[in-house]
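# Descriptive structure summary
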Amino acid sequence: MHPSWKPFLDSEFAKPYFRELAEFLHAAYDTKRIFPAKTQVFKAFTTDLNEVKVVILGQDPYHTPGAAMGLAFSVPDSQPIPPSLINIYKEIDSDTGSHANKTGNLVNWQNQGVLLLNNVLTVEAHKAGSHRGKGWETFTEAVIKYLNAEKSNLVFILWGRDARSKKSLIDSSKHLVLESAHPSPLSAHNGFFGSKPFSKTNAYLEAHGLKPINW
């Protein structure tokens, strides 16, 4: 994890809810197949807090072997591009003309200051949503509150019901909030396609003197 997150993370890790979550996770990793790997659970927080410009909030990690890597929507280079990310790329192409990535690995977004955060950071193999209600939502809520308070002129991209439930935590007078349906094939046609979040994000960043994201 990047040192810039240390004060916030140390504070959260000491709270009772997170201690209970940690106990649950230790037992889960010891007895079941959990994704992502332990070393990647907090990979989103290797993003330098001082460089964060955009927050994309997902749901929970991919639950198939080899896919989850600790960044929302991202998969390792060797993995096929998941359906939700295919739709994200389609929207980028429609919105901006083309997308920069050749694989499903979004580390280059992270390196530009995009925090790729899931609402829930772990999942049991082949059981989507299996770690909901264990404490991760409290943690993610704290992250959003912290970013809202400590930063200015962030872009929060909220896709789907879980992410959009965090909208009330964000002060829209100091940040841009973009929300729509989730890019999953089950919901993308309900408002994700055509929402143009990528051009809107870059227009806002440039208006505030910040370098746009190369999507």
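Structural notes, computed from the coordinates. As the structure is a computational prediction, the values presented were derived from the model and not from experiment. (Residues numbered from 1 in each chain as written. Predicted model: local features only at pLDDT ≥ 70, side-chain atom pairs only at ≥ 80, totals over all residues. Heavy atoms only, no water.)

## Remarks on the sheet that holds strand β6 (residues 176-180)
Pairing is parallel in the open sheet, where four strands are placed in the order β3-β2-β5-β6. If you trace the sheet from one side to the other, it starts and ends with β3 (114-118) and β6, each paired once. On average, each strand axis in the sheet is inclined to that of its neighbour by 15°, with strand direction left out of account. Pairing geometry for strand β2 (residues 54-58) and strand β5 (residues 155-159), over four bridges, is parallel. The residue of β5 that forms the bridge with Leu 57 is Leu 158. Helix-sheet contacts for helix α7 (residues 197-207) involve β2, β5 and β6, and the interaxial angle to β5 is about 165°. (Pairing = 2+ DSSP bridges. Helix = DSSP H or I, 4+ residues; strand = E, 2+ residues; numbered from the N terminus. Axes fitted to C-alpha atoms, helices over the stretch in contact; angles between N-to-C directions. Contact = heavy atoms within 4.5 Å.)

## Concerning the packing of aromatic side chains
Taken as a whole, this structure holds 23 aromatic pairs when the rule is applied. Between the aromatic rings of Trp 109 and Phe 198, the centroid separation amounts to 6.4 Å while the plane-to-plane angle is 55°, which identifies the pairing as tilted. Within this pair, whereas Trp 109 is found in helix α4 (residues 107-110), its partner Phe 198 is found in helix α7, the two being separated by 89 residues in sequence. Between Phe 198 and Trp 215, the aromatic rings sit 4.9 Å apart at their centres with planes inclined by 70°, giving edge-to-face as the arrangement. With Phe 198 in helix α7 and Trp 215 in the segment after α7, the pair connects residues that are 17 residues apart, well separated along the chain. With respect to class, Phe 198 is no different from Trp 215; both count as buried. (Phe/Tyr/Trp six-rings, centres within 6.5 Å; stacked < 30°, edge-to-face > 60°. Buried < 20%, exposed > 50% of the residue type's maximum accessible area, 1.4 Å probe, protein only.)

## Considerations on the packing of helix α1 (residues 6-13) against helix α5 (residues 136-150)
Where α1 contacts α5, the axes come no closer than 11 Å and their chain directions differ by 145°. Our pair here, α1 against α5, has a crossing hand that is right-handed. Note on element contacts: α5 touches α1 through Phe 139, Ala 142, Val 143 and Tyr 146, opposite Phe 8, Leu 9, Glu 12 and Phe 13. (Left-handed = near helix turned anticlockwise from the far one by under 90°.)

## Focus: the environment of Leu 116
Examined against the element boundaries, Leu 116 turns out to sit in strand β3. Note on Leu 116: relative accessible area 1%, which makes it buried. Separated by 37 residues in sequence, Leu 116 and Gln 79 place their C-alpha atoms 18 Å apart. Aside from chain neighbours lying at most four places away, what touches Leu 116 is Ala 44, Ile 56, Gly 70, Leu 71, Ala 72, Leu 106 and Trp 109.

## Some words on the packing of helix α2 (residues 16-31) against α5
Interhelical geometry of α2 versus α5 gives an angle of 130° and a closest axis separation of 9 Å. Taken together, α2 and α5 sit at an angle that is classed as oblique. Crossing hand, α2 versus α5: left-handed. Mapping the contact onto sequence places Tyr 17, Phe 18, Leu 21 and Leu 25 in α2 and Trp 136, Thr 138 and Phe 139 in α5. Its residues assigned to classes, the contact of α2 with α5 shows six nonpolar, one polar and no charged. (Parallel < 35°, antiparallel > 145°, perpendicular 65-115°, else oblique. Nonpolar A, V, L, I, M, F, W, Y, C, P; charged D, E, K, R; others polar.)

## Looking at unusual backbone geometry
Omega for the bond connecting Phe 35 with Pro 36 falls within 30 degrees of zero, at -10°, which places this linkage in the cis form. Residue placement: Pro 36 occurs in the loop between β1 (34-35) and β2. The phi angle at Lys 196 is positive, at roughly 55°, despite the residue not being glycine. By the secondary structure assignment, Lys 196 is in the loop between β6 and α7.

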